[in-house]
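Examining the three-dimensional arrangement
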Amino acid sequence: MTIRRRPTWWAELLLLALVYGAYSGGRLLVRGDVNLAVDHGLAILRVEESLWMDFEKPLNRLFSGSGLLGIPADFVYASLHYLVTPAVLVWLYQRRPHHYRAARTWLVASTLLGLVGFSLMPTCPPRLLDASYGFTDTMAQFSAYGWWGGEASAPRGLGSFTNQYAAMPSLHVGWALWCGVLLWRHARTPLVRALGIAYPVLTTVVVMGTANHYFLDAVAGAAVMGAGALIGRRLLAPRTPADDVAPDAAGTVPTAVPAGRGAGFRGKSPIVGGGWDTSARELLPAQRPPAADTADDDTAAAAR
């Protein structure tokens, strides 16, 4: 039985810091062309309108028309993304160490996939479209109540250090979904599991109500997390003994048959005597008499 030890905390911290640094730096390097980003944003909006899926429009009107909704939504958008995700990671590391490695690999793989999406499809969020499209930037509208300015959720004056056109996919939604799935799977109290359901739903509503993302951005964020889960599962798939056995000349990998259920191994095996059954009177080669003596015994037995 294989015993998995908890990863070293400082090594994990360094790994996650490097990944997040690469992710943040990568977002800045793939800013893309503004006109192209606007074209992508308008294309997404047209697709949503044709499918009656432009849910961000009524939500944004609701949030921008009421400070009781818009201000808390801005705080949720600007803060929980950076607080809940590391909190869930720490919780898994401390309380569910057997599930930590898989969860961390899933998160890292999905984040890197999101970076690929930002580079291939820079997208203008609804809040940065022309005002004629009917969207209000609630982050700018209520910026006096928070630490952010008019440039996404970056602290006031640091807008140049963020890429406002990294909207497709929405990793706000993707990371929230990651947190929700893990809380639902591994939490033991009904309240925490209920929060695991509520958090990604709340995040999806908030990113649309604040006009930071389209509905299809949220869908893409969920899809990226699904792909990241498959990649992470593949990377951490346990190796079987058959993985270490080279195929023979015919391209066949030897397969073992359990002892007592057949004549040992089918095909060839580099393991001497592996899987072979022995009879009660069978002798080892060193215990067998010389060939000549064996022949004499056979002749004498035939004569009798």
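As a reminder, the structure under discussion sits directly above these lines.
Since the structure is predicted, the reported quantities are computational estimates derived from the model, not experimental observations.

1. Describing the overall build of the protein
- Along the protein, the regular secondary structure elements total 10 helices and two strands.
- Across the 304 residues that make up the protein, the buried fraction comes to 39%.
- Long-range contacts, defined here as pairs at least 24 residues apart, represent 76% of the contacts in the protein between residues at least 6 apart.
- Approximately 17,800 Å² of the protein is accessible, and the part contributed by carbon and sulfur atoms is 64%.

2. Quick word on the packing of helix α4 (residues 67-95) against helix α5 (residues 97-120)
- Contact pair α4 / α5: the axes reach a minimum separation of 6 Å and the direction vectors enclose 150 degrees. On the basis of the axis angle, α4 is roughly antiparallel to α5. Considering the relative orientation of α4 and α5, their crossing is left-handed. Facing α4, whose interface residues are T85, L89, L92, Y93, Q94 and R95, α5 presents P97, Y100, A103, R104 and L107.
- Partitioned by chemical class, the residues of the contact of α4 with α5 number seven nonpolar, two polar and two charged.

3. Focus: unusual backbone geometry
- Residue P169 is reached from M168 by a cis peptide bond, and omega for that bond is 5 degrees.
- Although it is not a glycine, W52 adopts a positive phi angle of roughly 55 degrees.
- Topologically, W52 is positioned in the loop between α2 (34-50) and α3 (56-64).
- W52 sits in the exposed class, given a relative accessible area of 74%.
- Even without a glycine there, the phi angle at A211 is positive, about 65 degrees.
- Turning to its location among the elements, A211 is positioned in the loop between α8 (190-209) and α9 (215-235).
- Residue classification places A211 among the buried residues on the basis of a relative accessible area of 0%.

4. Remarks on a nonpolar patch on the surface
- On the surface, a cluster of nonpolar side chains totalling about 350 Å² of accessible area is made up of W184, I197, V201 and V205.
- By residue number, the principal contributor to the nonpolar patch is α8, which donates three residues.
- Structurally, I197 can be placed in helix α8.

5. A few points about the nonpolar core
- Formed by 21 residues in total, the largest nonpolar core has its most connected members in V88, L92, W178 and L182.
- Mapped by element, the contributors of at least two residues to this core are α4, α5, α7 (171-186) and α9.
- Residue contacts for L92: discarding those within four places in its chain leaves P97, Y100, A103, L182 and H186.

6. Quick word on α2
- Under the 1.5 Å per step criterion, the end-to-end length of α2 is 24 Å for 17 residues, consistent within 8% with the ideal 24 Å.
- Considered for burial, the residues of α2 that qualify are A37, H40, G41, L42, I44, L45 and E48.
- In this fold, the buried residues of α2 make contact with α3, α5 and α9.
- Just past α2, the residue W52 takes up positive phi, approximately 55 degrees.

7. What to know about the pattern of salt bridges
- Per the counting criterion, the structure on display carries two salt bridges.
- For E49, the salt bridge goes to K57, with nearest N and O atoms at 2.7 Å.
- On the basis of relative accessible area, E49 is assigned to the partly exposed category, the value being 33%.
- A salt bridge links R127 to D137; its shortest N-O distance comes to 3.1 Å. With a gap of 10 residues between them, R127 in the loop between α5 and α6 (138-141) and D137 in the loop between α5 and α6 connect regions that are remote in the sequence.
- Classification of R127 as buried rests on a relative accessible area of 7%.

8. Details of the packing of aromatic side chains
- Counting across every chain of the model gives four aromatic pairs.
- Taking 4.9 Å as the distance between ring centres and 85 degrees as the angle between the ring planes, the aromatic pair formed by F55 and F215 counts as edge-to-face. Linking F55 in the loop between α2 and α3 with F215 in helix α9, this pair joins segments that are 160 residues apart in sequence.
- The class for F215 is buried, based on a relative accessible area of 19%.
- Both rings, one in Y93 and one in Y100, keep their centres 5.3 Å apart while their planes meet at 85 degrees; by these two values the pair is edge-to-face. Y100 matches Y93 in its accessibility class, with the two residues each being buried.
- When the ring centre of W184 is taken as origin, the NZ or CZ atom of R193, which lies over that ring, is 3.9 Å away.

9. Examining α8
- With 20 residues, α8 extends 28 Å between its outermost C-alpha atoms, agreeing within 8% with the 28 Å of an ideal straight helix rising 1.5 Å per residue.
- If you follow the buried residues of α8, they end up packed against α3, α4, α6, α7 and α9.
- Where α8 ends, the next residue or the one after it, A211, has phi of about 65 degrees, a positive value.

Definitions and limits used
- Residues numbered from 1 in each chain as written.
- Predicted model: local features only at pLDDT ≥ 70, side-chain atom pairs only at ≥ 80, totals over all residues.
- Heavy atoms only, no water.
- Helix = DSSP H or I, 4+ residues; strand = E, 2+ residues; numbered from the N terminus.
- Buried < 20%, exposed > 50% of the residue type's maximum accessible area, 1.4 Å probe, protein only.
- Contact = heavy atoms within 4.5 Å.
- Areas by Shrake-Rupley, 256 points an atom, 1.4 Å probe, with all protein chains shown as cover.
- Axes fitted to C-alpha atoms, helices over the stretch in contact; angles between N-to-C directions.
- Parallel < 35°, antiparallel > 145°, perpendicular 65-115°, else oblique.
- Left-handed = near helix turned anticlockwise from the far one by under 90°.
- Nonpolar A, V, L, I, M, F, W, Y, C, P; charged D, E, K, R; others polar.
- Patch = residues over 30% accessible without salt bridge, like charges linked within 9 Å, V, L, I, M, F, W, Y side chains within 5 Å.
- Salt bridge = Lys/Arg side-chain N within 4 Å of Asp/Glu carboxyl O.
- Core = buried A, V, L, I, M, F, W, Y, C linked by side-chain atoms within 4.5 Å.
- Expected span 1.5 Å × (residues − 1).
- Phe/Tyr/Trp six-rings, centres within 6.5 Å; stacked < 30°, edge-to-face > 60°.
- Lys NZ or Arg CZ within 6 Å of the ring centre and 35° of its normal.

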